[in-house]
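One-letter residues, chain by chain:
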Amino acid sequence: MIFKPHHLLFLATTVFFAMAGGAILAPVLPQMVEPLNSTPNEVAQLMAVYTISTAIFSLIIGHFVDRVNRKAVLVPCLVINGLMGLFSFFATDLQTLLILRFVQGIGIAGMMSLVMLVIGDVYKGLDRVHSMGRVSMAIAIGSVTAPLIGGGLATIGWNYPFLFYVLSLPFALLVFLLLPETKECDGSYGGGLGNAVRELRDFRILYTVFLSFAIFFLLFSIVVFLPFMLKDVFGFAAKEAGMVLSIQGIAIIMVASNIKKLAEKLPLIVLIGIGFSLVGISISLISWTGSLPVLFLLLLVFGGGFGLCQTAIDSQIIQISPPQSRGGVLSIHNTMKYVGQSASPVVLGIILLYFDLHIVFLLSGIFGILVAVATLVFRGRFVVESNI
């Protein structure tokens, strides 16, 4: 098997499509209310049902992904994503769209897990960290550009953003024809999700899965609640808030593109601790700033910390998970990202009922700092990464 640079581009593109699963529609939701004869709360379910589906099917796919060829899962998932987008374009009622979005979550779940699994198959050492950096760059680019793409297509019509997903269909053909199969035919057939769950007895795996939950919990404390602060303090509308949120993507791209150099100097677990420190401190300080330039700087710090954490955490879980159960472990790992995204607005929303946004950001930041401290305390329990 020869895995070339353009094959890594295929993986990064896959992640970009997966990232666009939610980001494309986010700015368009208000525009869907009237044509679908619904309410804002009902339309918002298009995001919730997709997230729930992705979390559920990440686990289901994880049960058998170690037993089959990678492309046998990845290509159908790309096709599902594209077809559901095409069908959604022609849908005329919310109930049909909710069903299609739920099915689309199946495709997204497989796309995210398979990319990490293929990287684990192909790359070793610092090349693996470098490859995850490129994937993280694709995620960051998607977080910045996908809302712009969705908003641009929505100027034609409320349903036109769904057509973006159709690009997954020709891309699936390219993957089928040009991406090499990476699963080694060694006669082993992983033990399914049960074996993956048993791997959680390894403290390193269990704690890394928790880190996946924690970093996305912190990310959504910014994504969900910062727009409220921007409206209250600076009078920003949704468009301006979206532009401010995109600032963090710049820092993520900068850090992810240099992650290999950083990993040459420090172990991944230390990079994760540093990343959580930057995230926690920046969120805590955001709650007290009334200066727009200072806020921009803090968002850059947050983006740098998030990019450091996300790339290093994903690289670490690939490194420490046993090859025969890696697909199942990665599925659990990715599921916890969506659990973190879902838990953040619920937990912090309850806090907001009794306190104000300052306390929400302060407590979220303190959580990030505590995770940073715990990570650095536990670093001795992780194997020294002489063969990352």
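In the block above lies the structure referred to throughout.
What this report covers is the structure whose coordinates are included nearby. (Residues numbered from 1 in each chain as written. Predicted model: local features only at pLDDT ≥ 70, side-chain atom pairs only at ≥ 80, totals over all residues. Heavy atoms only, no water.)

Structural notes on unusual backbone geometry
Most peptide bonds take the trans configuration, and most residues that are not glycine carry a negative phi.
Piece 1. Backbone geometry places Asn37, a non-glycine residue, at a positive phi of 50°.
Piece 2. Mapped onto the elements, Asn37 comes out in the loop between helix H2 (29–32) and helix H3 (40–43).
Piece 3. On the basis of relative accessible area, Asn37 is assigned to the exposed category, the value being 73%. (Helix = DSSP H or I, 4+ residues; strand = E, 2+ residues; numbered from the N terminus. Buried < 20%, exposed > 50% of the residue type's maximum accessible area, 1.4 Å probe, protein only.)

A word on helix H7 (residues 125–154)
Piece 1. For H7, built from 30 residues, the straight-helix expectation of 44 Å at 1.5 Å per residue is met to within 8% by its first-to-last C-alpha distance of 43 Å.
Piece 2. The axis of H7 is deflected most strongly, by about 35°, at Thr145, and proline Pro147 appears within four residues downstream. (Expected span 1.5 Å × (residues − 1). Bend = angle between axes of the 7 residues up to and from the residue.)

What about the packing of aromatic side chains?
Piece 1. Following the criterion strictly, the structure yields 18 aromatic pairs and no others.
Piece 2. Between the aromatic rings of Phe57 and Phe102, the centroid separation amounts to 5.8 Å while the plane-to-plane angle is 75°, which identifies the pairing as edge-to-face. Residue Phe57 is found in helix H4 (residues 45–64), and its partner Phe102 is found in helix H6 (residues 94–122); the two are separated by 45 residues along the sequence.
Piece 3. Residue classification places Phe57 among the buried positions, given a relative accessible area of 17%.
Piece 4. Phe102 gets classed as partly exposed once you look at its relative accessible area, which sits at 29%.
Piece 5. Three or more aromatic residues link up through ring pairs in this structure, and these residues are Phe203, Tyr207, Phe210, Phe213, Phe217, Phe367 and Phe378.
Piece 6. Above the plane of the ring of Phe176 lies Lys71, whose end atom (NZ or CZ) is 5.7 Å from the centre.
Piece 7. In this structure, Arg381 is placed above the aromatic ring of Phe203, and the distance from its NZ or CZ to the ring centre is 4.0 Å. (Phe/Tyr/Trp six-rings, centres within 6.5 Å; stacked < 30°, edge-to-face > 60°. Lys NZ or Arg CZ within 6 Å of the ring centre and 35° of its normal.)

With respect to the pattern of salt bridges
Piece 1. All told, the structure shown has four salt bridges when counted by the stated rule.
Piece 2. Put simply, Arg70 and Asp121 hold a salt bridge, and the shortest N to O gap is 2.7 Å. With a gap of 51 residues between them, Arg70 in helix H5 (residues 70–90) and Asp121 in helix H6 connect regions that are remote in the sequence. Both residues of the pair, Arg70 and Asp121, count as buried.
Piece 3. Where Asp127 meets Lys260, a salt bridge forms, and the shortest distance between an N and an O atom there is 3.4 Å. With Asp127 in helix H7 and Lys260 in helix H13 (residues 259–265), this residue pair connects regions lying 133 residues apart in the sequence.
Piece 4. Look at Asp127 and you get partly exposed, because its relative accessible area is 40%. (Salt bridge = Lys/Arg side-chain N within 4 Å of Asp/Glu carboxyl O.)

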